[in-house]
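# Architecture and fold: a report
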Amino acid sequence: MKTALVIGAAGQIGRPSVQALVRDGWAVTAASLGGGRDEHWPDEVRSVRLDREDGAAVAALVGDGVDLVVDLVAFTPEHGQQLAGLADRIGSAVVVSSGAVYVDERGRGFHTQEEPDGWPHYPVPIPETWHTVAPGDGYGARKTRIEQDLLALGDRLPTTVLRASAVHGPHCRTPRELYFVKRNLDGRRTRVLAYNGASTFHPASVHNLAELVRLAAARPGSRVLNGADPDHPSVGEIGAMIDTLMGVETESVLVDGPPPAPNVGDSPWAVPHPLIVDMSAAERELGYKPVTTYAEALPETVEWLAGRLRERDWQDAFPKMVASYTTGIFDYAAEDAWLATR
């Protein structure tokens, strides 16, 4: 039986990826910091604890060799170097990267968004051959370095790099949908949306990413592929979908331009130019067909978020969300003050 080691298996992409690989006949070792299991995994999945920073522990799990390593938590160059150092014991790899590596023709990307005129203006859709940020510090720059180091190995370690877009699904640590779910639970029936609510940040279901993992595992190769859903609704459309699922009616106040005041009109999707990636390479190289759409996958995300918010305060439930969005996306006082001036 083909053997697979999934690193970061208890995370949002890892859970469905383990299931997809098992269905395809892989004997899976599911490694994560806590060593947890998903309730949907079959008994034959081996769950183990792994400190991702411990290279010796990673090497021990690879042992004398595995047919596949799926790395869902490669965040630093050292993580990529761990895999490169084990190339002679790994048949092939699938490593999740990010759309944050892309820059526009002026070199603007995720790393420049806080600068004046720093918002990137990408082509629509973005192909995998498009410009990327130079290796260095910062999230996207570190991902670029990992990509380059692993792809340089070629046949020594055939690696499929998946550039995931805006990931969504249960168990997400920074769920963008929280923005609408929490507001609805809090009884907020008026919201302000910058850029006329037309911001588009291409979503990527964990189930579609798991399907890409499964297909890439079956067809090893050195390649870069985008990972996203077949649909890419705007932030206004996403809000309307969530309202329908939660059975509420809201009013959206649309602002023609950026957020009109601090903590007003901002959201995790608030971008002035669309970020939409091209999925034709995955279709061509892997025979990929999406297993779900954003709209079809949204109900389980909303249900999971609502359940988490019933159990605890959002800041306790999603501490990484707090750190990622420091502008105060739930500053209702600031929003009410601005609405009163309209």
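You'll find the structure just up there.
Attention in this report is confined to the structure presented alongside it. (Residues numbered from 1 in each chain as written. Predicted model: local features only at pLDDT ≥ 70, side-chain atom pairs only at ≥ 80, totals over all residues. Heavy atoms only, no water.)

### Considerations on the pairing of strand S6 (residues 159-164)
As a general feature of sheets, a regular strand has side chains that alternate between the two faces. Where we set the bar: Relative accessibility thresholds used throughout: buried, under 20% of the residue-type maximum; exposed, over 50%; partly exposed, between the two (1.4 Å probe, protein chains only). Only DSSP runs of H or I with at least four residues qualify as helices, and only runs of E with at least two residues qualify as strands; both kinds are numbered from the N terminus onward. DSSP bridges decide pairing: two strands pair if at least two such bridges lie between them. Consider the strands pointing away from the viewer: the crossover is right-handed when the path from the first strand over the helix to the second runs clockwise.
Across the six residues of S6, six count as buried, placing the element largely inside the fold. Note: strand S5 (residues 90-98) against S6, six bridges, orientation parallel. Counted as the bridge partner of serine 97 is arginine 163 from S6. With helix H4 (residues 139-151) bridging S5 and the parallel S6, this β-α-β connection has right-handed handedness. With five bridges connecting them, S6 and strand S10 (residues 223-227) associate as parallel partners. Across the sheet, the residue bridging to threonine 160 is arginine 223, located in S10.

### Some remarks on the environment of arginine 310
Tracing the sequence through the fold places arginine 310 in helix H9 (residues 294-311). For the pair formed by arginine 310 and histidine 79, sequence separation is 231 residues and the distance between their alpha carbons is 36 Å.

### What about the pairing of strand S2 (residues 27-32)?
The buried count for S2 comes to five of six residues, which makes it a mostly enclosed element. Inspection of the sheet shows strand S1 (residues 3-7) paired to S2 by five bridges, in the parallel sense. Across the sheet, leucine 5 pairs through a bridge with threonine 29, a residue of S2. For the handedness criterion, the β-α-β arrangement of S1, helix H1 (residues 14-23) and S2 is classed as right-handed. Note: S2 against strand S3 (residues 46-49), four bridges, orientation parallel.

### A closer look at the packing of H1 against helix H6 (residues 206-218)
Note the following rule: Axis definition: a line fit to C-alpha positions, over the contact stretch in the case of helices; interaxial angles, taken between N-to-C directions, run 0 to 180 degrees. Working definition: roughly parallel below 35 degrees, roughly antiparallel above 145 degrees, roughly perpendicular at 65 to 115 degrees, and oblique for all remaining angles. Crossings are assigned a handedness: left-handed for a near helix turned anticlockwise from the far helix by less than a right angle, right-handed for a clockwise turn. The criterion used for residue contact is that any of the two residues' heavy atoms lie within 4.5 Å. Residue polarity is assigned by list, with Asp, Glu, Lys and Arg as charged and Ala, Val, Leu, Ile, Met, Phe, Trp, Tyr, Cys and Pro as nonpolar; anything else, Gly included, falls into the polar class.
At a minimum axis distance of 8 Å, the contact between H1 and H6 shows a crossing angle of 40°. With respect to each other, H1 and H6 are oriented oblique. Here the hand of the crossing between H1 and H6 comes out right-handed. Across from Pro16, Ser17, Ala20 and Leu21 in H1, the residues of H6 making contact are Val206, His207, Ala210, Val213, Arg214 and Ala217. Along the lines of polarity and charge, the residues of the contact of H1 with H6 split into seven nonpolar, two polar and one charged.

### Some remarks on the packing of helix H3 (residues 77-85) against H4
For any two helices packed against each other, one specifies the inter-axial angle together with the distance between the axes. In contact at an axis separation of 8 Å, H3 and H4 are set at 15° when each is read in the N-to-C sense. Classed by the angle they form, the pair H3 and H4 counts as roughly parallel. As H3 runs across H4, the sense of the crossing is right-handed. Listed contacts from H4 to Pro77, Gly80, Gln81, Leu83 and Ala84 of H3 are Arg142, Arg145, Ile146, Asp149 and Leu150. Among the residues forming the contact of H3 with H4, the class breakdown is five nonpolar, two polar and three charged.

### Considering the sheet that holds S6
Strands sit in the order S3-S2-S1-S4-S5-S6-S10 across an open sheet of seven strands; the sheet is parallel. Since the sheet does not close on itself, it has two edges, and those belong to S3 and S10, each with one partner. Strand-to-strand, the axes of this sheet are offset by a mean angle of 20°, without reference to chain direction. In this structure, S1 lies alongside strand S4 (residues 66-71), joined through four bridges in parallel fashion. In the sheet register, valine 6 faces S4, and the bridge partner there is valine 70. Where H6 meets the sheet, it contacts S4, S5, S6 and S10, and its direction lies at approximately 165° from that of S6.

### Re the packing of aromatic side chains
Worth spelling out the cut-off: For Phe, Tyr and Trp, where Trp contributes only its six-membered ring, two rings pair if their centres lie within 6.5 Å, and the inter-plane angle classes them as stacked under 30 degrees, edge-to-face over 60, or tilted in between. In this scheme, Lys NZ or Arg CZ marks a charge over a ring once it lies within 6 Å of the ring centre and within 35 degrees of the ring normal.
All told, the structure shown has seven aromatic pairs when counted by the stated rule. With 6.2 Å between their ring centres and 20° between their planes, tyrosine 179 and phenylalanine 330 make a pair best called stacked. Taken together, the residues tyrosine 179 in helix H5 (residues 178-185) and phenylalanine 330 in the loop between helix H11 (319-324) and helix H12 (332-340) connect sequence positions 151 residues apart. The burial state of tyrosine 179 is the same as that of phenylalanine 330; both residues are buried. Aromatic ring contacts, followed pair by pair, group Tyr179, Phe180, Trp269, Trp314, Phe330 and Tyr332 into a single cluster. A cation over a ring is seen here: arginine 176 above phenylalanine 201, with NZ or CZ 4.7 Å from the ring centre. Between arginine 308 and the ring centre of phenylalanine 318, over which it is positioned, the NZ or CZ distance is 5.4 Å.

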